[in-house]
Amino acid sequence: MKVLVTGGAGYIGSHVVLDLIEAGHEVVILDDMSLGCMENIHNQAEFIEGSTLDETMLDDVLSKNIDAVVHLAAFKAAGESMIHPEKYSQNNLNGATNLLNAMMKNDVKTFVFSSTAAVYGYPEYLPVDEAHPLKPINYYGFTKLSIEEMLKWYDQLKGLKFAALRYFNAAGYDVNGRVMGLEKSPQNLLPIVMEVATGQRNSLDIFGNDYKTKDGTGVRDYIHVNDLASAHVKALEYLQDNDSFTVNLATGEGYSVLDVIHEAEAVTGKKINYTIVDRRAGDPAELIATSNLAEELLDWEAKYSDLNTILKSMWNVYNQEENHD
C-alpha cells in the first residue's frame, strides 16, 4: 500500500515509518518539522515538508494514489493545551478536519489515528479499558476525543474505515538503534530523566510523593515506541478486511516515578538528582490500562515495554548524543 504518514519525522512517526517500510509499504511523509527531526527521515520514504493546515497541498498529495493515511501530526503537551487552547484547536482539530476532507475528495478511505489515554481523564477504575467513561481533563485530550467522534461520523456518512489507537505513556527508542534523532521539547518523565543523566539538566521535579501508591509517587503505564509502531502496521492491515475500531495500547503494568529513577540509575550508572515539589493539577495517582482488545483484534502484544528495555534503548541514543557534543 502507499501510505501517507503525517508527522512521520516526529518521535513516534519515525518509528511507524520504519515498520511500514519493513512491512513492504510505500511511504510518503508529510511533516511541518515543528517537532520533526531531519535525521529521522527514512531514505526510502518520500518526504514532503508541509502542514495539515495547507488544504491545497493536502489535496495535491492525496491525489497521488495514496491508499491509506496514518495521522500522527499534532501538538501533544497537555499543560500547554490548557494555556493555549487556540493553538491546539488550529493544529489538532483544523488539521484533522482538512486531512479528512482531502481524503474524502480523493476517495482515500483508510485512516489510522494516533489518539491518547487523555480521552479518559481521571480513571474511575483500573485497569482502564475501552468501555471506561470519556471525560478528558485537559484540552489536548478534548481535541483527540473530538477527532475520534468525527471519525465515527465520517465512517457512518462517508464509508471511512478507521482505527483509533489510544496510547498510554510512549517511551523508548528503536531497539535496533535505527532512530537516533532526539525528541524535540520533551515534556515527559523519561526523556527528562535522560537529560539529567547526560548533564543537560541538574535535576528533575517529582510532582508529589503523597499519593496512595507503593512509594507515594505517581504510577504510569509505559509503552515502548517499537510496540506502538507495530500496532499501527497491524491496524492498517486489519482495516483492509474489517470494520473500524478503537483500542488501548498499553501493558497493564505500572511503574512509579521512583521506579523509573532507580532503574535509570542502574542502566546509566549516573545519579539522577530530584526534588519533591507540589502535586500538579490533573495528575491521577495511578494510570494503567488493559490492551486485551488490541491483542484480540490485531494479534498484537507489547514485546519491548519492560522498564529496563525502555531505558536501555533511550540511553543508547542519549549517551551517543552526549559523546558527540
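Residues numbered from 1 in each chain as written. Predicted model: local features only at pLDDT ≥ 70, side-chain atom pairs only at ≥ 80, totals over all residues. Heavy atoms only, no water.

## Examining the sheet that holds strand 11 (residues 245-249)
The condition that has to hold: Any two strands with at least two DSSP-identified bridges between them are counted as paired. Runs of E in the DSSP output that reach at least two residues are strands. Runs of H or I that reach at least four are helices, and both are numbered from the N terminus. Angles shown run from 0 to 180 degrees and are taken between the N-to-C directions of axes, each axis being a line fitted to C-alpha atoms and, for helices, limited to the stretch in contact.
Across the sheet, seven strands lie side by side as 3-2-1-4-5-6-11; this open sheet has parallel pairing. Taken across any chain shown, the strands that pair with only one partner, and hence form the sheet edges, are strand 3 (46-49) and strand 11. Averaged over all adjacent pairs, the angle separating strand axes in this sheet is 20°, with direction ignored. Pairing analysis gives seven bridges linking strand 5 (residues 110-116) to strand 6 (residues 161-167), with the strands arranged parallel.

## Quick notes on the sheet that holds strand 14 (residues 286-287)
With mixed pairing, three strands are arranged side by side in an open sheet as 12-9-14. Looking at which strands have only one partner, the edges of the open sheet turn out to be strand 12 (255-256) and strand 14. Sheet topology note: the strand 9 (residues 219-220)/strand 12 ladder contains two bridges and is antiparallel. Bridge pairing in strand 12 places V219 opposite S256.

## Here we look at helix 8 (residues 257-268)
The α-helix advances 3.6 residues per turn, and as a result positions three or four apart in sequence lie on the same side. So the rule is basically this: The span one expects for a helix is its residue count, reduced by one, times 1.5 Å. Relative accessibility decides the category of a residue: with a 1.4 Å probe and only protein chains considered, values under 20% of the type maximum give buried, values over 50% give exposed, and everything between is partly exposed.
Relative to the 16 Å expected for twelve residues at 1.5 Å per residue, helix 8 spans 16 Å between its end C-alpha atoms, a close match to the ideal helical length. Buried residues of helix 8: V257, L258, D259, V260, I261, A264, V267 and T268, and no others. A positive phi of about 70° marks G269, the residue just after helix 8.

## A word on the packing of helix 6 (residues 189-197) against helix 8
Quick note on the threshold: Any angle that falls under 35 degrees is termed roughly parallel, while one over 145 is termed roughly antiparallel, one within 65 to 115 roughly perpendicular, and all others oblique. Crossings are sorted by hand: turned counterclockwise from the far helix by less than a right angle, the near helix makes the crossing left-handed, and turned clockwise it makes it right-handed. Pairs of residues are marked as contacts when any of their non-hydrogen atoms sit within 4.5 Å. Amino acids outside the nonpolar list (Ala, Val, Leu, Ile, Met, Phe, Trp, Tyr, Cys, Pro) and the charged list (Asp, Glu, Lys, Arg) are all regarded as polar, and Gly is one of them.
Where helix 6 meets helix 8, the axes come as close as 11 Å, and the angle between the chain directions of the two elements is 40°. By the angle class used here, helix 6 and helix 8 are oblique. Crossing hand, helix 6 versus helix 8: right-handed. Of helix 8, the residues touching helix 6 (which contributes L189, L190, V193, M194 and A197) are V257, V260, I261, A264 and T268. Taken together, the residues that form the contact of helix 6 with helix 8 break down as nine nonpolar, one polar and no charged.

## Thoughts on the packing of aromatic side chains
Operational definition: In this scheme Phe, Tyr and Trp rings, the latter by its six-membered ring, pair at centre separations within 6.5 Å, and the angle between planes marks the pair as stacked below 30 degrees, edge-to-face above 60, and tilted otherwise. Lysine NZ or arginine CZ positioned within 6 Å of the ring centre and within 35 degrees of the ring normal marks a charge as sitting over the ring.
By the definition in use, this model includes seven aromatic pairs. Summarising the aromatic geometry, the rings of F75 and Y88 are spaced 5.8 Å apart at their centres and angled 55° between planes, so their arrangement reads as tilted. Highlighted residues: F75 in the loop between strand 4 (68-71) and helix 3 (78-83) and Y88 in helix 4 (residues 85-105), separated in sequence by 13 residues. When the ring of Y238 is compared with that of F245, the centres are 5.0 Å apart and the planes differ by 80°; the resulting orientation is edge-to-face. Judged on exposure class, the residue Y238 and its partner F245 are both buried. For the cation-ring pair, K87 lies above F75, with the distance from its terminal atom to the ring centre recorded as 4.6 Å. Across the ring face of Y211, the terminal group of R279 is positioned such that the distance to the ring centre comes to 4.0 Å.

## Regarding the nonpolar core
What counts is decided by this rule: We define a nonpolar core as any set of buried Ala, Val, Leu, Ile, Met, Phe, Trp, Tyr and Cys residues linked to one another through side-chain atoms lying within 4.5 Å.
L20, L165, L190, L204, F245 and L249 are the most contacted members of the largest nonpolar core, which has 67 residues in total. Of all the elements, helix 7 (residues 225-238) adds the most residues to this core, at eight residues. Excluding residues that lie within four positions of it along the chain, L190 makes contacts with A171, Y222, V260, L307, I310, L311 and M314. Formed by 27 residues, the second largest nonpolar core is a distinct cluster that contains L4, A102, M150 and Y154.

## A few points about the side chain of N91
Structurally, N91 is set in helix 4. Excluding residues within four positions of it along the chain, N91 makes contact with T52, L53, A74, F75 and A96.

## Focus: the packing of helix 2 (residues 55-62) against helix 4
Their axes nearest at 9 Å, the elements helix 2 and helix 4 cross at an angle of 40°. Here helix 2 lies oblique to helix 4, going by the angle between them. Considering only the axes of helix 2 and helix 4, their crossing is right-handed. Residue-level inspection shows E55, L58, D59 and L62 of helix 2 in contact with helix 4, the latter providing N98, L99, A102, M103 and K105. In terms of residue class, the contact of helix 2 with helix 4 is built from five nonpolar, one polar and three charged.

## Points about the environment of V257
Along the chain, V257 turns up in helix 8. In this structure the C-alpha to C-alpha distance between V257 and S81, which are 176 residues apart in sequence, comes to 23 Å. Not counting residues up to four positions away in its chain, the partners in contact with V257 are L189, I206, T217 and G218.

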